[in-house]
Amino acid sequence: MLPPVASRFVAGESAASVLNHARRANEHGVGVICNRLGEHYRERPPADADTVAYERLIADIGASDLRACVSVKPSQLGLLVDEDTFRENLARVVSAGADHDVFVWVDMEDHTTVDATLDTFEEYVRDPPGAQHRDASERRSREQRGASHHEPGGMGLCLQSNLRRTALDLERLVDCPGKVRLVKGAYDPPESVAYTERSQVDEAYREDLAFMFREFDGGVAVGSHDPEMLALAADLHAKHGTPYEIQMLMGVRENAQYDLAGACDVWQYAPYGTSWPAYFRRRLLERKENGLFALRAIAGR
Ligand code: FAD
């Protein structure tokens with residue numbers, strides 16, 4: 001069972017819990033990106049099981065009136081088993097998303113996975129799996145309903161500004177129909193492929209963001225809690241008129257999320273599932289304040 005101290009960062013263990021969380025966040029004007037916790041599978045059965053779980057979650061979101069979507073990890077869908085497993089499972093998730101008008105984000109993991117993730121994303125976003133089986137008029141009406149730039153039934157990919165290659169990857173995606181969530185990068189890649197100084201990563205993030213607001217007509221997703229980057233995004237939006245959304249993690253700067261939701265599109269990434277201990281540990285270790293919060297909660301203050 002999820003202890004109360006972990007419930008700041010994790011919505012719960014079941015799909016029902018993340019949907020309940022989404023309802024509460026929606027009341028504050030914040031959409032929810034549901035992520036079933038699970039990664040680095042080296043055998044096919046858990047990757048297939050999580051794929052089925054995502055298909056069910058997507059059907060549940062589609063049948064509800066929630067402002068919610070999903071985000072999947074490539075290694076959760078089997079990338080470390082082999083590329084075919086990942087491609088098959090992602091095709092099923094994306095196809096379910098299109099059937100139920102639910103947007104599917106693909107997280108980015110460590111730098112060794114970028115080529116396979118980006119290639120598959122680009123292929124599926126240009127030629128959606130299962131699309132040929134879908135009724136054309138149904139697709140047309142979905143496109144018409146996709147008035148919000150966080151278009152249902154679409155697909156998005158996360159890119160990391162700490163990787164030296166990302167500026168080129170962004171250029172490659174300029175004419176792609178999907179969306180990109182820009183983050184600084186949560187992994188620790190070697191200097192040969194990445195900026196390792198914090199100031200260099202921040203500079204790369206600023207440049208990547210400026211490029212996206214200039215070149216991406218379909219919108220920009222700013223995956224950051226950094227007030228400086230959020231202010232830059234607001235300036236770039238004012239300058240170029242490009243639609244954008246802010247994405248932050250559950251439990252991080254939530255009051256800011258609610259405040260910002262009055263002025264722009266805000267989405268909260270909310271993890272759920274029984275593999276919460278590793279995720280919770282990561283959140284506690286990344287910032288002193290989070291560790292202090294946990295200590296205070298345990299001490300009952
Ligand atoms: P940082 O550079 O860590 O901090 C800058 C400033 O932001 C701080 O000085 C502070 O003012 C504020 N801030 C940051 N964190 C906190 C906090 N916990 N509490 C209060 N203030 C804070 N990474 C990946 O590699 N792959 C992914 O697929 C991925 N998906 C993500 C999805 C979302 C929605 C988000 C928000 C992040 C994702 N990340 C992902 C993580 C990302 O790469 C960063 O590691 C993480 O967001 C920290 O960078 P930052 O820009 O938020 O701020």
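Just above sits the structure.
Here is what the cut-offs are and how they apply
Counting of residues starts from 1 at the beginning of each chain's written sequence and follows it residue by residue. Local features in this predicted model are restricted to residues whose pLDDT is 70 or higher, and side-chain atom pairs enter the listing and the counts only when it is 80 or higher, whereas totals over whole chains, interfaces and linings include all residues. Hydrogen atoms and water are omitted, and side-chain values are computed over all heavy atoms in the structure. For helices the rule is a DSSP run of H or I covering at least 4 residues; for strands it is a run of E covering at least 2, with both sets numbered from the N terminus onward. The rule is simple: take the accessible area with a 1.4 Å probe, protein chains only, and divide by the maximum for that residue type; under 20% is buried, over 50% is exposed, in between is partly exposed. Contacts are assigned to residue pairs with any non-hydrogen atoms lying within 4.5 Å of each other. Note on areas: Shrake-Rupley with a 1.4 Å probe; residue coverage comes only from the protein chains shown. When a carboxyl oxygen of Asp or Glu is within 4 Å of a side-chain nitrogen of Lys or Arg, the pair counts as a salt bridge. Any residue with a heavy atom lying within 4 Å of a molecule or strand is counted as near it. Within 3.5 Å is the distance limit for a polar contact, defined as a pair of N or O atoms, with the added protein rule that one can donate a hydrogen and the other accept it, and that residues adjacent in sequence qualify only through two side-chain atoms. Only protein atoms enter the 1 Å grid, on which a cavity is a set of points fitting a 1.4 Å probe that cannot get out and a pocket is an open set with protein on both sides within 12 Å along at least 5 of 7 lines, lining residues being those with an atom within 4 Å of a point. The way we define it, a molecule is inside a pocket or cavity when more than half of its atoms are within 2 Å of that pocket's grid points. Classification convention: Asp, Glu, Lys, Arg as charged; Ala, Val, Leu, Ile, Met, Phe, Trp, Tyr, Cys, Pro as nonpolar; all other residues, Gly among them, as polar. Grid points are joined across faces, edges and corners, and a volume is the space filled by probe spheres set on the points. At least two bridges found by DSSP between two strands is the condition for calling them paired. Interaxial angle, 0 to 180 degrees, is taken between N-to-C directions of lines fitted to C-alpha atoms, where a helix line uses only the stretch in contact.

**Student:** Whenever I open this one, the overall build of the protein confuses me. Can you help?
**Tutor:** The secondary structure content of the protein amounts to eleven helices and eight strands. Considering the protein as a whole, with its 301 residues, one finds that 50% of them fall into the buried category. Across the protein, contacts joining residues at least 24 apart in sequence account for 73% of those joining residues at least 6 apart. As displayed, the protein offers around 13,900 Å² of accessible surface, 50% of which is attributable to carbon and sulfur atoms.

**Student:** Where do I start with the pattern of salt bridges in this structure?
**Tutor:** A side chain with one charge may pair with a side chain of the opposite charge, provided their charged atoms come close. One pass over the full model with this rule turns up 22 salt bridges. In this structure, K184 engages D202 in a salt bridge whose closest nitrogen and oxygen atoms are separated by 2.9 Å. One end of the pair, K184, is in the loop between strand 5 (179-183) and helix 7 (198-215); the other, D202, is in helix 7, with 18 residues separating them in the sequence. With a closest N to O distance of 2.7 Å, K184 and D226 form a salt bridge. In this pair, K184 sits in the loop between strand 5 and helix 7 while D226 sits in the loop between strand 6 (220-223) and helix 8 (227-240), placing the two residues 42 residues apart along the sequence.

**Student:** Where do I start with the site of the ligand in this structure?
**Tutor:** Surrounding the ligand, one finds 23 residues, the nearest of these being M108, K184, G185, S224 and R287. A distance of 2.8 Å separates a nitrogen atom of the ligand from a polar atom in the backbone of M108. R181 is positioned with one of its side-chain polar atoms (N or O) 3.2 Å from a nitrogen atom of the ligand. Among the cavities detected, the one that contains the ligand is the largest pocket. For the shell around the ligand, the secondary structure elements donating two or more residues are strand 4 (155-160), strand 5 and strand 7 (244-249). Broken down by element, the shell around the ligand gets its largest block of residues, three residues, from strand 7. Residues belonging to the shell around the ligand are distributed by class as follows: ten nonpolar, six polar and seven charged.

**Student:** Sorry, what's going on with the layout of surface pockets here?
**Tutor:** Its boundaries defined by the atoms lining it, the largest pocket holds a volume of some 1,700 Å³. For the lining of the largest pocket, the element with the most residues is helix 10 (residues 276-286), which contributes five residues. For the lining of the largest pocket, the residue count by class is 16 nonpolar, 13 polar and 17 charged.

**Student:** What's the story with the sheet that holds strand 6 in this structure? I'm lost.
**Tutor:** Sheet strands pair via backbone hydrogen bonds, and the direction of the pair is either parallel or antiparallel. Read around the closed barrel, the eight strands follow the order 1-2-3-4-5-6-7-8; overall the barrel is parallel. Each adjacent strand pair in this sheet contributes to an overall mean axis angle of 25 degrees, direction not counted. Sheet analysis places strand 3 (residues 104-106) next to strand 4, joined by three bridges and oriented parallel. What sits directly across from W105, in strand 4, is G156. Contacts from helix 8 reach strand 6 and strand 7, with the element oriented near 170 degrees to strand 7. Contacts from helix 9 (residues 254-261) reach strand 7 and strand 8 (265-272), with the element oriented near 145 degrees to strand 8.

**Student:** Is there a simple way to explain the environment of Y41 in this structure?
**Tutor:** The residue Y41 is located in the loop between strand 1 (31-36) and helix 2 (44-63) in this model. Since its relative accessible area comes to 16%, Y41 is described here as buried. C-alpha of Y41 to C-alpha of G78: the two residues are 37 residues apart in sequence and 6.2 Å apart in space. Leaving out residues up to four positions away in the same chain, Y41 has contacts with P46, A47, D50, S75, Q76, L80 and V81.

**Student:** Would you take a moment to explain empty space enclosed by the protein for this structure?
**Tutor:** If a probe the size of a water molecule is rolled over the atoms, the empty space left behind becomes visible. Using the criterion set out here, one finds one cavity of 30 Å³ or more in the structure. By volume, the largest cavity amounts to about 30 Å³. Around the largest cavity sit E109, D110, H111, Q160, N162, L163, G185, A186, Y187 and P189, which together line it. Tallied by class, residues from the lining of the largest cavity come to four nonpolar, four polar and two charged.

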